[in-house]
Every structure is written in C-alpha cells, then in structure tokens.
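Breakdown of the fold
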Amino acid sequence: MNIIGKREPRVDALGKVTGAAKFADDYNMPHQLYAAVKYAEFPHAEIVSVDTAKAAALSGVQAVLTAKDVPGSNRFGLGGDIRILADDRTRYLGDVVAVVAAESRALAAQAIDLIEVTYKELPAVFHPEEALKEDAPKIHEQGNEIVHHKLRRGNVEQGFAEADFILEHRFTTQAIEHSYIEPEAALAYPDEQDGFVVIGSLQNFYTSHKAIAAALDLPLSKVQIIQSTMGGSFGGKDESATMLAARAALLAQKTGRPVKMLNSREDSIRQSYKRHPYILYYKWGCRYDGSITAMELKAIADGGAYVSMSPFVTWRSVVQATGPYHCPNVKTDLYAAFTNNNFTGAMRGFGSPQVNFAIESMMDELAEQVGKSPLAVRLLNGFETGSVTATGQRLNHEVSLKHALLEAASASYYGKKWAENRLTKNKSNPIRKGIGISCAYRGVSLGAEGVDAASAVVYIQPDGSVNVSSGIIDMGQGAQTAMSQIVAEVLGINLNRLRFLQPDSGRVADSGPTVASRGTIMGGGAAKIAAENVRAVMEKTLREMTEQEQADFLFENEEIFLKKGNGKGKRVAGFDEVVARCYAKGRPLFASGVRHIAETNWDEETGQGDAYFTYVYGANVAEVEVDTETGRVDVTKFYSVHDVGRAINRSMVEGQIYGGVAMGMGYGIMEEFIQEEGQAKTLNFDEYYIPTALDVPYMKAIILENPDAKGPFGAKSIGEPALEMAAPAIANAIFNATGKRILNLPANLEEVLLGKKLRRKTPRASVSCKIGPL
C-alpha cells in the first residue's frame, strides 16, 4: 500500500488550526436579518390562538411567522410528525410556536416577548411505561406506541426448562445530550434564480434538502444546500438542525433578505433530540457450566414527542440485544413510546450502548454465579467464524471477537488484576481498585433499515491536481481524509494533490445519511469506485501510449509502471504526463462512483434475517478506583481493542477510539440530561457534566486488521464501536472493586454504597490525561 494505513495529516487540518475554516455562524451577508423563536409554555397543550400583531408592529421587525404562514409542508421526519412550527398542539417544551426576523438579535428577542399565545393545557405523560398504558393521555392521535419490534428464535419456555438457574435484572439508561461544541446555525438567502440557498451545519443535508424545499413549496432544484465546516454532531444535527434551517429559509422567503439563525447553548439543549433512555428487562436461562439456554428480553425506549429515528434505533437494539453470544432460544420485544419529553433520535451508538450495558452486566453476573472469570464465560459463549446470530444470520466473514478479548485481557493483565481485586478488601482503606471487561459486535452501516448507497465524484484537473467530493459529511471524524487517502491510493499520488470540496446538494448525488459508522465503508467505497472510473480513462490512454491493448498498470508514487505485459515493471510515464495526454485526446478526467450494497433481508414478524452485510468486533477493559465512603469513581486506565477491517489512517482510528472511550466514560459515570415534568434542568455545561481532558484516563488503543471484502481496501467501521461498550466495562470494574452491581446509568455510587437516593450529579474525576504506549 502506498498511502493506506499511513498516519497522514488530515486534509482539513490547516483550516481548523489557523481559524480559516468557516463554520455556519461564520457566514454573513450584507443586509441580513436575525431570527429568534417563541417557545412552547406547556409540554402538552392545545394552541388556541397566536397573536403576533404587537411583535409585527415593532420597528425593525421584518417578519413574524406561525404555522399558518408556512406555504408548503410544515411537517417532516420519518413519521411525518415533526413540526417546523407547532400547529395544533405543543408536545414538548422545545416546540416553537412562532419565529421572528428582525434587524438585530436584540430586536428579535424583544419581538418574541410581544407574541401572545393562548393555550388549553392538556394532561401530559413523562414516563414511557406510563405512556403505554391504555388510560394514558394520547400525545398523537394514533396512540403512544411508536413501534414494537419482535425477535423470535427457538422456544424460550423450553430453554428456561432446560436451565439450571435463572438470572433476571431490570436496567435503566439515561437521556444523553450530544454536547457538540458548535450549536446549530444556518444562513438562508434568496438566490438570483428565484430559489434559495441555505448554508448550515447539517449532518444529513439531503434529508434537510427535502424538508426545506417541501416547506418552501419549491422543487428541489430551486433549493441549494451547502454544508459548512461542522463543529461536531455525534448524530445530533439531523432533525434539530433541519428545523432551524427550515425556519431561517421560511423567513428568508417571506422577507426576500438573508436570515441568520443561531442557537445559543440553552436553545440547542432545549430544542434538540437526545439519546433514548431505555428500561430493560433481561431474563436468562443458564447452566452451571456458564452456557446460556434462553434469553427473554423486553425493553421500552422513551421516544419523546416525535417519531424521529425511534423505529431504526430500536431495530438495531433488537438485532444486537443478545450480544455476540450463542443462545438457541430467544424472545425479544422492544418498544418505543411517545412522551412529552424532548424527542429522542440518532446518537453515536444508535441503540447499541443501551443494550450493551445490560448484556455485558448480565454476562459478568453469569460468571459470578458459576464461579468463573468474566473473560472465561465470554470465551465460552462468544461468536466465532460461522456462528449464527439470534436473527438467524450466519457470520461468514472473519469473526475476531475472541481475538479482541484476548488482546484486551493480555494488554491489561486482566486475569491477574481481576483475581487480586476480589481478594484484596482492606477495610481500613476506603479506596478499592477494580477491573472490568466488556465486548460487543456491531452491524456495519444501515443494513436492512433501508437503501444503503453513497456517491462520490473525482475530478482530475488538467494540471494534475484533484478535486474530490461526496455527500458523506465530515463532522470532525475525518471522513474527508479517509476518502482522500482512498482516492490517492487508487491513483498512486500524494495526498497534497487533493482538495476535498464541501458537500453541495447541486454538486453530488444523494449519499444517504452520515450515520451508522458508514462514512468510510460506504463513502470511501464510492470514492474508490469514482477514482477507479477516472483511472480507467487514464489506462485507455496508457494502452495507446504503450501500444499494448491488454496491458495492466501500476499507479504508484506519482508514476505509472507496466504491471503486466511486455516490459513488466518498466516505467511508462509520470502522472502529470498521462493527465496531459488524456486532455489532449479530449478525455476529461471526471467520474462519479456509487457504492450500493443490498445484501440484507428482514422478517419484521419474526425478527429473522441477514440484518447487516458485515459486522465489527471489539473488547474493552477498564480499571477504576472507587472511594467507598463518597461513591467517587476514578477511571484510571482503559484498554480498547477493535477490529476495523483495515485502518485507512491509523492516527484517525486511534483518535476515534480515544474519543469513543471518553464519551463512553461520560455515559457510564457522569452524564445525564435531566428533565422534570418535561422541563430541562441541565441547559448548559455548568449543570450537564461531560468528561474533560483532566477526566479521561490513560488509554491504550489496539487496532486489529482483518480486511473485509465489502469495504474499500478492506476497511469497515470504528466511530460507534469505540463508544458502545465502554460504560459496561466501567460498571463491571466497579463490581470487581465493591461487589455492588450497577443496574442504572450513570453509575450512582452514592445510592449503591450509602443507601441514599441522591440527585445524579456525579463529581468530576480528577485523573491526568495520558495517551500512549505502556
């Protein structure tokens, strides 16, 4: 490999470190207006009337809009129920009833206070189990059940009858804020052809494109979406960012002027969707040898006010709810319910962190009951190549789960430390050490959720410089660099020849959503195909130059060599020379590539089928110190092992792993978006705790490579796997230290150790940041 696997600098690094990169709020235009929103006053209420007269009369206010002023569709989203502006009712306190455009932000805020809304308050429901009861207040006409996914395999009653004992636990996980550095922002303005342009921080900008065009009642061709540099997303800038951008576009359409809309941090947290909180009931039939005869699982997700991604998030949960473990008899029922809380949607992990916490806690409990180490029971039950999943899918690729477990255990001296911690309980010292292990498998990309395709364009300019573009969004994860390296490898050129262009709805075809860790495997796959299509044009010219119709060529280090044919290994030409020859022959070097994978199937009634076209595997080990007097937990070391297929850029893979560990640590012991009766109580980072550089532990990333034929140069995924098994490793380490099983996230040690129910505001850890080899 010429450039694949190398620690190349990121193609967007210079702009970000110099400040030249333009984020959404950096875009401004002459004569632009500023927008503000009028929030709902009740989590559930009928909107009787909205009086905007006083606001509209305020000098400097150019437009005041309510739902009745939307010329096209006011609703969008998977369920068609998310309101750009609340129309019939408010369903959570982040709903927006009206928007204002004014000459300044201060004037816009003043006008908002002049809008008078009359409500008829309605009964509300804030707990998903309560929402599913027959007598619960209906949030939508169809009732409060968003979705019910089922999985049926074997006979669970028979499996329980064959078991030596039963394990049962109830787990809960919390709502999580995405906590991206850059709040949502957009600039919308009329163009010169009776259309509109929106520049914004939009994770799935083709979804936004459709919703905004529909709201404006315009064809897609008259609405152009330009992606700005994005300051993080983690799944969070889909519907929330689309709502904001659509409101700005509607105001631009009404006024005929540019309109800037920017969320404050409080606006962002109040409006945006969160990670789904889950209630999980796990029942396993087990044998004394540590094997599992049956699993019966029920989970209820709080979907909040709107459908959003709940059907897809909970579908992934169903597929992965039994973990990477053999079990012949499985019954799973997974529900999502409407409540009057913030709606919930996509977040890094997408339904797997919740079930992984339960699965990996149960596996440790199984080990405890049968007197084996947690590593031993995982090796006993874990998948291997050729294993069959709970959905009936045979894993015909390289299944590296046990390799990952053994690597993690070896690097951390897991077995020795686990045994020592169990024996060492010095009552005079309140600080207890613990070590915990976890593992997981994850379906790559969208799978049977829907159409899985991505596109890219490669354009070699006449001077040999190269432009690359794709509909896959770089949110900070490095997608542009990975795709650039793939193109450079195909063409045998240095990375400094390439410039990656920001996505533009008028430039490149729909690539689907940038979710499900599909940026490299799908976007990179499309970029590889586009580069190969361009190279094919160059090879035609090379065959003419060598007068060898059957010749094959090696593109390497800016040169082209004969790979097969007369004079094998001989240099034919430099890259620039071939480019010039192509243009001289009237052969522009421009090509698109589309990667489409349709190797999945699913039976919704039985939950059986080939859910994903391939999977990734990983294992984590966490070490903690627990103060048994205060409940304080310090995560001191973390080992994270992942099979990524092939690492396109090792530095970026390691970065994803370190970031995933930090986010998983927050999920495990620090973070919680708190609502009381639908009212957000953690509206900024003085109240919502996230790990900082001082909190993260020593981290060791171990990359396994088993190239997969489905991925470009064998690459698969890392973004979400890096996060999704971190929390249970920490929870299991706490058990190893204290003998107390954590059943609720974030781990509330005050409650477990002191017997008191305290509000979850876990103190920050104070561990120095160390990243590198032992």
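A quick note: this is a predicted structure, and the numbers were derived from the prediction, not measured.

**Things to note about the overall build of the protein chain**
The number of helices and strands found in the protein chain is 20 helices and 30 strands. Taking 28 Å as the expected radius of gyration for a compact globule of 774 residues, we find that the protein chain reaches 27 Å, a close match to that expectation. Overall, the protein chain is about 80 × 80 × 50 Å in size when its C-alpha atoms are taken along their principal axes. Taken across its 774 residues, the protein chain has 61% of its residues classed as buried. Partitioning the intrachain contacts of the protein chain with sequence separation of at least 6 by distance along the chain shows that 80% fall at a separation of at least 24. Carbon and sulfur atoms make up 49% of the accessible area of the protein chain, which amounts to about 27900 Å² in all.

**Considering the sheet that holds strand 3 (residues 61-65)**
Either a parallel or an antiparallel arrangement is found when strands of a sheet pair, and the pairing is made through backbone hydrogen bonds. Taken together, the seven strands give an open sheet; going across it, the order is 3-7-1-14-11-12-13, and neighbouring strands pair in mixed fashion. Looking at the sheet topology across the chains shown, the edges are occupied by strand 3 and strand 13 (223-227). Neighbour-to-neighbour, the strand axes of this sheet turn through a mean angle of 20°, independent of strand direction. Sheet topology note: the strand 11 (residues 185-190)/strand 14 (residues 259-262) ladder contains four bridges and is antiparallel.

**Things to note about the pairing of strand 25 (residues 589-596)**
Residue alternation in strand 25 divides its side chains into a buried set, Leu 589, Ala 591, Gly 593 and Arg 595, and an unburied set, Phe 590, Ser 592, Val 594 and His 596. Bridge count for strand 19 (residues 453-460) against strand 25 is eight bridges, and the pairing is antiparallel. Paired with Ser 455 across the two strands is Val 594, which belongs to strand 25.

**Looking at the environment of Val 578**
Within the secondary structure, Val 578 sits in helix 16 (residues 575-584). Here the alpha-carbon distance between Val 578 and Val 388, two residues 190 residues apart in the chain, equals 50 Å. With residues up to four places along the chain from it excluded, the contact list for Val 578 reads Met 538, Leu 542, Ile 560 and Ala 573.

**Details of the packing of helix 10 (residues 352-370) against helix 19 (residues 726-738)**
The description of two helices packed together rests on the angle between their axes and the distance between the axes. Helix 19 packs onto helix 10 with a crossing angle of 30° between their chain directions and a minimal axis gap of 9 Å. The orientation of helix 10 relative to helix 19 falls into the category roughly parallel. Every pair of crossing elements has a handedness; the one defined by helix 10 and helix 19 is right-handed. Across the interface between the two elements, Asn 356, Phe 357, Glu 360, Ser 361, Asp 364 and Glu 368 of helix 10 pack against Pro 728, Ala 731, Asn 732 and Phe 735 of helix 19. Class assignment for the residues of the contact of helix 10 with helix 19 results in four nonpolar, three polar and three charged.

**So, the packing of aromatic side chains**
Here the structure, examined in full by the defined rule, presents 17 aromatic pairs. Residues Tyr 459 and Phe 590 carry aromatic rings whose centres are separated by 5.4 Å and whose planes lie at 70° to one another, so their mutual orientation is edge-to-face. Pair noted here: Tyr 459 is in strand 19 and Phe 590 is in strand 25, with a separation of 131 residues, a long-range link. Residue Phe 590 is classed as exposed on the basis of its relative accessible area of 51%. Three or more aromatic residues joined by ring pairs form one cluster here, namely Trp 315, Phe 383, Tyr 441, Trp 602, Tyr 612, Tyr 615 and Tyr 617. Of note, Lys 237 hangs over the ring of Tyr 180, and the distance from its end group to the ring centre comes to 4.7 Å.

**Here's the deal with the domain arrangement of the protein chain**
You can read the domains of the protein chain as domain 1 (18-122 + 184-262), domain 2 (278-383 + 398-447 + 603-754) and domain 3 (453-596). Summarising the inter-unit geometry, the C-alpha centres of domain 1 and domain 2 are found 37 Å apart. Listed by partner, the interface residues are 18 residues for domain 1 and 20 residues for domain 2. Taken together, the two surfaces of domain 1 and domain 2 that pack against each other cover about 1500 Å², and 63% of this comes from carbon and sulfur. It is Leu 78, Tyr 92 and Phe 234 that lose the most area in domain 1 upon contact with domain 2, and together they represent 38% of the buried surface on that side. In this structure, the connection of domain 1 to domain 2 is made through six residue pairs in polar contact (both at pLDDT 80 or more). Per-element accounting of the side of domain 1 that touches domain 2 gives the leading share, three residues, to helix 7 (residues 239-255). Class assignment for the residues of the side of domain 1 that touches domain 2 results in seven nonpolar, five polar and six charged.

**Remarks on the packing of helix 14 (residues 479-491) against helix 15 (residues 519-546)**
For the pair helix 14 and helix 15, interaxial distance at closest approach is 9 Å and the crossing angle is 30°. Between helix 14 and helix 15, the interaxial angle falls into the category roughly parallel. Helix-helix and strand crossings are classified by hand; for helix 14 and helix 15 the assignment is right-handed. Touching Ala 482, Met 483, Ile 486, Val 487, Val 490 and Leu 491 of helix 14 are Thr 520, Gly 523, Gly 524, Ala 527, Lys 528, Ala 531, Glu 532 and Arg 535, all from helix 15. For the contact of helix 14 with helix 15, a count of residues per class yields eight nonpolar, three polar and three charged.

**Some words on the sheet that holds strand 15 (residues 278-286)**
Across the sheet, five strands lie side by side as 9-17-16-15-10; this open sheet has mixed pairing. Edge positions in the sheet fall to strand 9 (145-153) and strand 10 (165-172), since each has one partner strand and no second. Neighbour-to-neighbour, the strand axes of the sheet open up by a mean angle of 5°, direction not taken into account. As paired strands, strand 10 and strand 15 are joined by eight bridges and run antiparallel to one another.

Cut-off values and rules
Residues numbered from 1 in each chain as written. Predicted model: local features only at pLDDT ≥ 70, side-chain atom pairs only at ≥ 80, totals over all residues. Heavy atoms only, no water. Helix = DSSP H or I, 4+ residues; strand = E, 2+ residues; numbered from the N terminus. Rg over C-alpha atoms; globule rule 2.2 N^0.38 Å. Buried < 20%, exposed > 50% of the residue type's maximum accessible area, 1.4 Å probe, protein only. Contact = heavy atoms within 4.5 Å. Areas by Shrake-Rupley, 256 points an atom, 1.4 Å probe, with all protein chains shown as cover. Pairing = 2+ DSSP bridges. Axes fitted to C-alpha atoms, helices over the stretch in contact; angles between N-to-C directions. Parallel < 35°, antiparallel > 145°, perpendicular 65-115°, else oblique. Left-handed = near helix turned anticlockwise from the far one by under 90°. Nonpolar A, V, L, I, M, F, W, Y, C, P; charged D, E, K, R; others polar. Phe/Tyr/Trp six-rings, centres within 6.5 Å; stacked < 30°, edge-to-face > 60°. Lys NZ or Arg CZ within 6 Å of the ring centre and 35° of its normal. Domains from an automatic or database assignment. Buried area = accessible area lost by both parts, 1.4 Å probe. Polar contact = N/O pair within 3.5 Å; in protein donor to acceptor, adjacent residues only side chain to side chain.

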